[in-house]
Amino acid sequence: MALPDGSDIAPLLKRADREVYQTKVVVRRLPPSLTSSELLDRLSPLPSYDYFYVAKPDLSLGPVAFSRAYFNFRRFDDVITFRNRVDGFVFLDQGGRKYPAVVEFAPLQKIPHQRKGAKDHKCGTIGTDKDYKSFIATLEAEVPSLPNAEARLEEIEARKQQQTVDSTPLVEFIRRKHQSSKSVSKYPSSSSKADTSVSCSLFVRHCVSIAFVFYVAEVERQEKEG
């Protein structure tokens, strides 16, 4: 397929042709401390490209840890120009060590899509939200001053004095019932007195019986000794 000089081949090439004319390259063996801005400054000016990415190195690899950069150019002749210019280009790190670059075609020629996040329609509209407005209104409203402790105590005492308990037939009945139960417990009945006297007489008899037994035992002991 004949290509015009300096033409944009992206809209002209079919899928099969794009696999032949690769436009995505990778620059390997770059210094591990090299940043994107530093790389672009050292390689400036660059041909027109639509994709650029710098992969950070794996520092666990030690002395063989390198950075790498990806470029996708829109014209195939720019790929050739870039390769001839950058391949073997020596980069220096902060310590003065040399890193000769290696330019290759990228194993994966696809370009990741840069997805744009959906715009939040509520972003920046808090000033028009009704809940936010009501909250601001409560903050700006004057808070009524609370009464001091003395005034509060005087108010409570006045309420206590105003409160009166109305006497009802049920309250009077309960009051009389309570008073009658107190009087009964204070003055015991005659039957309880009789029970107390009987228990006392039985106790006296028991004591006399015990004393008589001890007396008889003492007498027998004296007879045996005499």
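Scroll up to find the structure.
Residues numbered from 1 in each chain as written. Predicted model: local features only at pLDDT ≥ 70, side-chain atom pairs only at ≥ 80, totals over all residues. Heavy atoms only, no water.

Undergrad: Help me out: how do you make sense of the overall build of the protein chain in this one?
TA: Looking only at helices and strands, the protein chain features 7 helices and 6 strands. When its helices and strands are written in sequence order, the protein chain yields α-β-α-β-β-α-β-β-β-α-α-α-α. In the protein chain, buried positions account for 15% of the 226 residues. Partitioning the contacts of the protein chain with sequence separation of at least 6, the portion at a separation of at least 24 is 63%. Only carbon and sulfur atoms are counted for the fraction: they give 58% of the accessible area of the protein chain, which is about 18600 Å². (Helix = DSSP H or I, 4+ residues; strand = E, 2+ residues; numbered from the N terminus. Buried < 20%, exposed > 50% of the residue type's maximum accessible area, 1.4 Å probe, protein only. Contact = heavy atoms within 4.5 Å. Areas by Shrake-Rupley, 256 points an atom, 1.4 Å probe, with all protein chains shown as cover.)

Undergrad: Explain unusual backbone geometry to me, please; I cannot follow it from the model alone.
TA: Glycine aside, residues mostly have negative phi, and peptide bonds are mostly found in the trans state. Here Ser44 and Pro45 are connected by a cis peptide whose omega angle stands at 0°. Looking at the element boundaries, Pro45 is found in the loop between helix H2 (36–43) and strand S2 (49–55). Non-glycine residue Arg29 carries a positive phi angle of around 60°.

Undergrad: Please clarify how a nonpolar patch on the surface should be interpreted in this entry.
TA: Taken together, the side chains of Ile126, Tyr132, Phe135 and Leu139 define a hydrophobic patch exposed on the protein surface, amounting to about 410 Å² of accessible area. Tracing the backbone through its elements, the reader meets Leu139 in helix H4 (residues 130–140). We classify Leu139 as exposed; its relative accessible area is 55%. (Patch = residues over 30% accessible without salt bridge, like charges linked within 9 Å, V, L, I, M, F, W, Y side chains within 5 Å. Salt bridge = Lys/Arg side-chain N within 4 Å of Asp/Glu carboxyl O.)

Undergrad: Before we go on, may I ask you to explain the pairing of strand S1 (residues 24–30) in this structure?
TA: Two faces make up the sheet, and in a regular strand the side chains alternate between them. Among the 7 residues of S1, 5 are classified as buried, and the element is accordingly described as predominantly covered. In terms of strand pairing, S1 meets strand S3 (residues 67–73) through 5 bridges, oriented antiparallel. The residue bridging Lys24 from the neighbouring strand is Asn72, located in S3. (Pairing = 2+ DSSP bridges.)

Undergrad: Even after reading the chapter, I still don't get the nonpolar core, so can you show me in this structure?
TA: Burial of nonpolar side chains together is a common tendency in soluble globular proteins. Val27, Leu30, Leu39, Phe71, Phe82 and Phe91 are the most contacted members of the largest nonpolar core, which has 17 residues in total. Not counting chain neighbours up to four residues away, the residues in contact with Phe82 comprise Val25, Val27, Leu43, Leu46, Phe71, Phe73, Asp87 and Val103. Counting 5 residues, the second-largest nonpolar core is a separate cluster that includes Val26, Tyr51, Tyr70 and Ala106. (Core = buried A, V, L, I, M, F, W, Y, C linked by side-chain atoms within 4.5 Å.)

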